[in-house]
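# Structural features, examined
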Amino acid sequence: MQAGVERDGGRWAGAVVHYRRYLRYRPDDFAIWVQLGHMLGESGDPAGADQAYRTAHALNPDDADLALCRGHLARRGGDVEAAIVFYRRSFEIDGNERAATMLAELDVETGGGSETEQAPVHGGRLDGWFERSVSGVLSEDGVDDPWVVFRAGDRLVGQARPGRNDDGALEFRATLDVELGENGEGVEVIARRMPDGAMLEPGPFFLFPPSRHPADHAAAWSVPAEIVKPYDLPAGREVALFVTHSRSGKVKPNVLPYVRALRQAGLAVFLVATVDRPVDLPAELLDSVDAAMVRRNAGYDFAAWAHALKLHPRLYGAATLYLVNDSVVPAADDARIAAIVDRVRRSGADLIGLTESHEWRWHVQSYFLAIKPGLLASRSFHGFMDDVRLLTRKDHVIRAYEVRLG
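Just so it is clear, the model here is predicted, and its values are computed rather than measured. Sequence order as written defines residue numbering, which begins from 1 separately in each chain. Selection of residues for local features in this predicted model requires a pLDDT of at least 70, selection of side-chain atom pairs for listing and counting requires 80 or more, and totals for whole chains, interfaces and linings are taken over all residues. In computing side-chain properties, one takes all heavy atoms of the structure into account and sets aside hydrogens as well as water.

Our next topic: the overall build of the chain. Numbering of helices and strands starts at the N terminus; helices are DSSP runs of H or I of at least 4 residues and strands are runs of E of at least 2. Tallying secondary structure elements over the chain gives 14 helices and 18 strands in all. Type-normalised accessible area, obtained with a 1.4 Å probe on protein chains alone, sets the label of each residue: buried when under 20%, exposed when over 50%, and partly exposed for intermediate values. Split into buried and exposed, the 406 residues of the chain put 45% on the buried side. The contact criterion used is simple: two residues touch if any of their non-hydrogen atoms lie within 4.5 Å. Restricting to contacts in the chain with at least 6 residues of sequence separation, those with at least 24 account for 63%. Carbon together with sulfur atoms contributes 49% to the accessible area of the chain, which is approximately 20,400 Å² in total. We get accessible surface area from the Shrake-Rupley algorithm with a probe of 1.4 Å; when it comes to residues, only the shown protein chains can shield them.

What follows is the structure, given as C-alpha cells:
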C-alpha cells in the first residue's frame, strides 16, 4: 500500500524503494515487477526499467500489456526497431488496440517500415466464455448479414446468428457442442465471422470443464460454527462480510486496522473467523465489529461467506454487501479505504471488484467484492451461494466460484 501512495503522489523513487523491498520476499510477483519497471522508467532509469520488464517477461511471456510497455520504453529510448517488435508482439497476443495505434504511428514515421497493413482483420470480439457458453459482438465492416461459426480443430462445434441490441450492435450467444472432461484440460475453440472467415478476437479461446466436486461433497455450512457476537442489524445497511483465517489461534495484526477503516467508511462489519484451532478474539476487535462468528476452516472464503449467509439470510437485504478477506494491509490513512468505498457507492454496477484476473478466463478477484441490491436480490445469486461446497483446492475455488461469479 505504501508503494501505491508514493506512486499516486508522483514520488517515483520512493515507490521504487518499496517495490524492491516487497520483491525481496515475493520475487515471483509478476504485477509488481511490471510496476517497478514503470517507476524506474518514470524516474529516469531506462536500463533498470528494462531489467524489471525482462524479469516480468520471464514470469509471464504472453502478457500483451507488458509487451506494450516494453515498446513504449524502447520508443522513448530511440530504438524504433525494437519498439516495433514489442508492439507487434502485443498486437499478436490479444489484438491490443493501443499497440495497433503505435504501429500505425511508426508506420507513418518510418515510411511503412512497421508493415501495419499486414495486421489481421478481426471479425468482432468475444465478450465472455465459460464451460460451453460463449457470447460476443460481430463487426460488420462491409460484410452483409454476417454470422459466426465455432470450430474445435477441424470440427464445427457451433454457430450463431446475431441480433441487434439497443445500441444497434450485432450481439450473439451460443452453446457449443463440445465434450468437457474432468481431466481439467480445456478445449481450444476458434470463432470466425462468416462468410469472410475473419477471426474474432481474442482467439483462440479455451473452454474449461466445471471444477465442482460431486454433489455429495459437504455444503459450506456443514462445519461447526459458533456465533460470538449476534447479528442484529436491520436490513438496508452497508455490510462488510469480513473473513479472516487463523492458523495459530491468534488474529492477524492487519485485521483490526482494516476493520476500523471499513467502519470509518460507514460500513457495518460482520467478522467470520475461520480457524484450525481455538482462537483468541481480542475484546478490542469484538468491540469494533457489529457481529462475529467462528467456524472451522474449510472451503476457503466462498464457503465462509456462504455459511454466514445461510445462518443470517438478512444479509441479502444489505444496501451493499462487501465480501472481503484479510489479505489487504490498509494504509495508515483510513481515507484510502473510504475513497474506495465512496467509488463503489457511485458505481452503477451490480458486481464490483478492485482487480481483475485472466487466469482460466476473465473475472474479478474475490479479496474485495461489492454486491449491489440488483444482484443480491437475484435468484441466480441466491442459488449460487446455496450451492457453495467445501472444495479443497484453491484453483477449483477460482474456477467454480470466482470465475462463475464474474
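Turning to the environment of Gly-163, a few remarks are in order. By secondary structure assignment, the location of Gly-163 is in strand β5 (residues 163-164). In contact with Gly-163, not counting residues within four places along its chain, are Ala-169, Leu-170 and Glu-171.

Taking strand neighbours across the sheet as the criterion, the seven strands line up as β10-β13-β12-β11-β14-β18-β15 in an open arrangement whose pairing is mixed. Sheet topology places β10 (225-229) and β15 (351-353) at the edges, where each strand pairs with a single neighbour. The mean angle between the axes of side-by-side strands here comes to 20°, regardless of whether they run parallel or antiparallel. Following DSSP output, two strands are said to pair if at least two bridges run between them. When β10 meets strand β13 (residues 291-296), the two strands line up antiparallel, connected through four bridges. The partner of Ile-227 across the bridge, within β13, is Met-293. The convention used is that axes are lines fitted to C-alpha atoms, helices contributing only their stretch in contact, and that angles between N-to-C directions extend from 0 to 180 degrees.

This paragraph deals with helix α2 (residues 12-25). A rise of 1.5 Å per residue sets the reference length of α2, with its 14 residues, at 20 Å; its end C-alpha atoms lie 21 Å apart and thus fit the reference within 8%. Among all positions of α2, only Ala-15, Val-16, Tyr-19 and Leu-23 are buried. The buried residues of α2 occupy an angular sector of 105° when projected down its axis, which confines them to one face. Relative to its buried face, α2 has exposed residues pointing more than 90 degrees away, namely Ala-13, Arg-24 and Tyr-25. Between the first and last residue of a helix there are one fewer steps than residues, each counted as 1.5 Å, and that sum is the expected span. It is the directions from the helix axis to the C-beta atoms that the arc portrays.

On the secondary structure map, Asp-333 appears in the loop between β14 (320-325) and α11 (335-346). Assessed through its relative accessible area of 45%, Asp-333 is described here as partly exposed. For Asp-333 and Ala-261, which are 72 residues apart along the polypeptide, the C-alpha to C-alpha distance reads 8.5 Å.

Attention now goes to the pairing of strand β6 (residues 170-175). Along β6, the buried face is formed by Leu-170, Phe-172 and Ala-174; none of Glu-171, Arg-173 and Thr-175, which line the opposite face, is buried. Judged from the six bridges that link them, strand β2 (residues 133-138) and β6 form a sheet pairing that is antiparallel. Residue pairing for β6: Leu-138 is matched across the bridge by Leu-170. Note: β5 against β6, two bridges, orientation antiparallel. Within β6, the position partnered with Gly-163 by the bridge is Glu-171. Here β5 folds back onto β6 in antiparallel fashion, the turn holding five residues, of which Gly-168 has a positive phi close to 90°.

In this section: the packing of α2 against helix α3 (residues 30-42). Two elements in contact, α2 and α3, have axes whose closest approach is 9 Å; the angle formed by their N-to-C orientations is 150°. Between α2 and α3, the angle falls in the class roughly antiparallel. Note on packing geometry: the crossing formed by α2 with α3 is left-handed. Counting all contacts with α2, which are made through Trp-12, Ala-15, Val-16, Tyr-19, Arg-20, Tyr-22 and Leu-23, the residues of α3 involved are Ile-32, Trp-33, Gln-35, Leu-36, Met-39, Leu-40 and Glu-42. Roughly parallel means an angle under 35 degrees; roughly antiparallel means over 145; roughly perpendicular covers 65 to 115; every other angle is labelled oblique. Should the near helix be turned anticlockwise from the far one by less than a right angle, the crossing is termed left-handed; should it be turned clockwise, right-handed.

Time to look at unusual backbone geometry. A cis amide bond, omega 15°, links Met-194 with the succeeding residue Pro-195. Locating Pro-195 in the fold gives a position in the loop between β7 (187-194) and β8 (199-201). Unusually for a residue other than glycine, Asp-145 sits at a positive phi of about 50°. Here Asp-145 is to be found in the loop between β2 and β3 (147-152).

Right, let's get into the packing of α3 against helix α4 (residues 46-59). For any two helices packed against each other, one specifies the inter-axial angle together with the distance between the axes. Across the interface, α3 lies against α4 with an axial gap of 8 Å and an inter-helix angle of 165°. In terms of orientation, α3 and α4 fall into the roughly antiparallel class. In the packing of α3 onto α4, the handedness of the crossing is left-handed. Residue-level inspection shows Phe-30, Trp-33, Val-34, Leu-36, Gly-37, His-38, Leu-40 and Gly-41 of α3 in contact with α4, the latter providing Gly-48, Ala-49, Ala-52, Tyr-53, Thr-55, Ala-56 and Leu-59.

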